[in-house]
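Below are the chains, spelled out letter by letter.
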Amino acid sequence: QEQLVESGGGLVQPGDSLRLSCAASGLTLSGYAVGWFRQAPGKDREFVAVTTWRTTYYADSVKGRFTISRDNARNTVYLQMNSLKPEDTAVYYCARHQRGDDYITRANYDYWGEGTQVTDCS
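The model shown is predicted, which means the values in this text are computed figures rather than measured ones. In every chain, residue numbers begin from 1 and rise along the written sequence. A pLDDT threshold of at least 70 governs which residues receive local features in this predicted model, and a stricter bar of 80 or more applies before side-chain atom pairs are shown or counted, although totals over entire chains, interfaces and linings include all residues. As a rule here, side-chain values come from all non-hydrogen atoms in the structure, and water together with hydrogens is ignored.

Novice: Could you give an account of the sheet that holds strand β1 (residues 3-7), naming the residues involved and the relevant values?
Specialist: In space, the four strands of this open sheet follow the order β1-β3-β8-β7, with antiparallel pairing throughout. The open sheet has two edge strands, β1 and β7 (66-71), and neither has a second partner. Averaged over all neighbouring strand pairs, the angle between strand axes comes to 15°, with direction disregarded. DSSP-based pairing: two strands are paired if at least 2 bridges between them are found. Numbering of helices and strands starts at the N terminus; helices are DSSP runs of H or I of at least 4 residues and strands are runs of E of at least 2. As paired strands, β1 and strand β3 (residues 18-25) are joined by five bridges and run antiparallel to one another. Within β3, the position partnered with V5 by the bridge is A23. Interaxial angle, 0 to 180 degrees, is taken between N-to-C directions of lines fitted to C-alpha atoms, where a helix line uses only the stretch in contact.

Novice: Could you give an account of unusual backbone geometry, naming the residues involved and the relevant values?
Specialist: Not every positive phi belongs to a glycine, and N75 is a case in point at roughly 55°. Mapping N75 onto the fold places it in the loop between β7 and β8 (76-81). Despite not being glycine, S83 shows a phi value in the positive range, around 50°. The residue S83 is located in the loop between β8 and β9 (90-97) in this model. For the exposure calls, accessible area comes from a 1.4 Å probe over protein chains only, and a residue counts as buried if that area is under 20% of its type's maximum, exposed if over 50%, partly exposed in between. Judged by its relative accessible area of 41%, S83 is partly exposed.

Novice: Let's hear about the environment of G15: which residues, and what values?
Specialist: Its place among the elements puts G15 in the loop between β2 (10-12) and β3. In sequence terms G15 and Y103 are 88 residues apart; their C-alpha atoms lie 28 Å from each other.

Novice: Break down the nonpolar core for me, with residues and values.
Specialist: The nonpolar side chains of a soluble globular protein tend to be buried, and buried together. As used in this record, nonpolar core signifies buried Ala, Val, Leu, Ile, Met, Phe, Trp, Tyr and Cys residues forming a set joined through side-chain atoms within 4.5 Å. In this structure, W36, V48, F66, L79, M81 and Y92 are the most contacted members of the largest nonpolar core, which totals 33 residues. Elements with a minimum of two residues in this core: β3, β4 (34-39), β5 (46-51), β7, β8 and β9. Contacts between residues were defined by any pair of non-hydrogen atoms, one from each residue, lying within 4.5 Å. Setting aside residues up to four positions removed in sequence, F66 forms contacts with R38, V48, Y58, L79, Q80, M81, N82, L84, D88 and Y92.

Keep in mind that these numbers describe shape and distance, not what the molecule does.
Following this line, the structure appears as structure tokens:
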């Protein structure tokens, strides 16, 4: 079965850190860009970060606080989130990028996980 599975979410206080994982099974992430998106209650799903074969890109709202990385041997992508803020509360999704150089548009991703919840409890 081809799937992406996110893990690592939880309850956080402002300033906390979390590391999210995105593990692929039945499909490879090697050679593909992989992105993280998030969706807060009542809002659209938004781009957070992407790792391509040569670089990484971040949304302005997380730049300097979040770091995306990958382990091709484990077929896994990570999102290290530091200095968390209440506005980071959302369900976080990973996705495999399928085509083009547009990494922000959701339609350019073919496989999505079901998400992991990050909630501010302050």
